[in-house]
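Summary of structural features
Below, each chain spelled out in residue letters.
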Amino acid sequence: MSAERPTADRLTAVATGVDLPRHARLLSQVHDAVLSGQQPPALPRGVVARSWSRLQAGGVSPDHCADVEPADFSEIEARRTRTALRTVLPELRSTLTQVAEDANFIVVIADADGVLLWREGSRGVRKAADALGFTEGARWAEQAVGTNAIGTALIEDAAVQLFSAEHYAPTHHGWSCTGSPVHDPRTGEILGVVDISGSAMSVHPTTVALVRTAVRLAEATLWREHTAQLDRLRGRAAPLLASAGGPALVVDKHGWVAEASGIAAPERVAPPSLDKPLLVPGLGLCVPEPLGDGWLVRRRVDGAAIELELDLGDAPQVTVRGDVNWTRALSPRHAQILRVLSAAGTAGVDAASLSAALFGDRDHVVAVRAEVSRLRKSLGAVLSTQPYRFAAGVTVRRVG
């Protein structure tokens, strides 16, 4: 068996049957050459090259990545209490922990900051991880400890497997790790990362599939909890909607619609809050009213219309004009999205075409979806999807 030459577009760190010690030696030569500015004997995989480039640009030294300061117990407990991952911990344990113990791995669950919240599995590997600072409370973000399957998965928003010297820090070269982000199915936001780690020589391509399956099961559990919460909210909404005196919605704190009356409701609106009006196609400008763990959304200003004034100049912003006016600043990326959508008109654009307009190619669909999701949270449900376009009934005027 020969050493494996890194392949830029491959998800797994090694292929089945590869001579692992020989491949580790090749990767060590690649690591040393790239980080010293010399010509490497092979190119690192794309995910590794991007991570090393980010770290070098940020001035992170490989030798300083071993300086890990774990959080104190009170902060760890506070993070465990806050994270939605606590509700899927039994699911993840039942899926991964026994497999990890049998295969001489450890299972780690980190939050969206890369802080390790739970760690279980092989006693011997846990002891080795202690010496590395890979312990509960440690922050394993990429900028803190270099290229690793937790911090790099958070940045890439994708599953990551790393082997030996693909890690940025030399102290991590004896390890392999596989991590995959867990998303909140209600919002699309990253809740954290599930990671399996062990010795470099224990790496296996199937670990990627195992971790991703566990993540999908956890996300499915979160979605079931979400639908159960909507059902409970729906049960309380009926009498309120009957007495609302006009079209109205009852939504949860994330904007998911539990029930509607007198309106063909969208599946979701922007997350309501007390400090800003909410734009709902079919209702117009609304002022959300708190309703326990949800919100009652109904038109409070008669005749209010949805009119967007787009100023996409040097200081881009969007203004809603009606009986109540308000303005939001736009990031350059969000201004670019609105510029493309305003030019597309009612036909709209699909995610791949928007990727080409924003990034110059059609390969950034995931990033496009995330950006549009963030934009919809800021502006309300004035943007429709599949394809992306301004919602029916929304008047758009460009002033810059």
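Residue positions are given per chain, counting from 1 as you read along its sequence in written order. The predicted origin of the model limits local features to residues at a pLDDT of at least 70 and limits the giving and counting of side-chain atom pairs to 80 or more, whereas totals for whole chains, interfaces and linings rest on all residues. The side-chain figures draw on all heavy atoms in the structure; neither hydrogens nor water molecules are used.

**What to know about the UniProt feature "domain: GAF" (unreviewed entry) in the chain**
UniProt positions are given in the numbering used here, feature names are shortened, and annotations may be inferred rather than shown by experiment. When the UniProt feature table is mapped onto this chain, "domain: GAF" (unreviewed entry) is found at residues 109–221. Numbering of helices and strands runs from the N terminus; a helix is a DSSP stretch of H or I covering at least four residues, while a strand is a stretch of E covering at least two. Along residues 109–221 the backbone is 32% helical and 28% strand, and the end-to-end C-alpha distance reaches 16 Å.

**A short note on the sheet that holds strand S10 (residues 289–291)**
Should DSSP find at least two bridges between two strands, the strands are regarded as paired. Taken together, the 4 strands give an open sheet; going across it, the order is S7-S6-S11-S10, and neighbouring strands pair in antiparallel fashion. Each of the sheet's edge strands pairs with one partner strand only, and the pair in question is strand S7 (257–261) and S10. Neighbour to neighbour, the strand axes of the sheet diverge by 25° on average, direction disregarded. Inspection of the sheet shows strand S6 (residues 248–252) paired to strand S11 (residues 294–298) by 5 bridges, in the antiparallel sense. By the bridge assignment for S11, valine 251 is matched with tryptophan 295. In this analysis, two residues are considered to be in contact whenever any of their non-hydrogen atoms come within 4.5 Å of each other. Angles run from 0 to 180 degrees between N-to-C directions of axes, and those axes are lines fitted to C-alpha atoms, restricted for helices to the stretch in contact. Where helix H8 (residues 206–242) meets the sheet, its contacts fall on S6, S7, S10 and S11, and the angle it forms with S7 comes to roughly 25°.

**So, the packing of helix H9 (residues 332–344) against helix H10 (residues 351–359)**
Viewed as axis vectors pointing N to C, H9 and H10 meet at an angle of 125°, and their least axial separation amounts to 10 Å. With respect to their mutual orientation, H9 and H10 come out oblique. Where H9 crosses over H10, the handedness of that crossing is right-handed. Of the residues in H10, those in contact with Arg333, Gln336, Ile337 and Val340 of H9 are Leu354, Ala357, Leu358 and Phe359. Classes in brief: Ala, Val, Leu, Ile, Met, Phe, Trp, Tyr, Cys and Pro nonpolar; Asp, Glu, Lys and Arg charged; the others, Gly included, polar. Looking at side-chain class alone, the contact of H9 with H10 contains 6 nonpolar, 1 polar and 1 charged residues. Any angle between 65 and 115 degrees counts as roughly perpendicular, while under 35 counts as roughly parallel, over 145 as roughly antiparallel, and the rest as oblique. A crossing counts as left-handed when the near helix is turned anticlockwise from the far one by less than a right angle, and as right-handed when that turn is clockwise.

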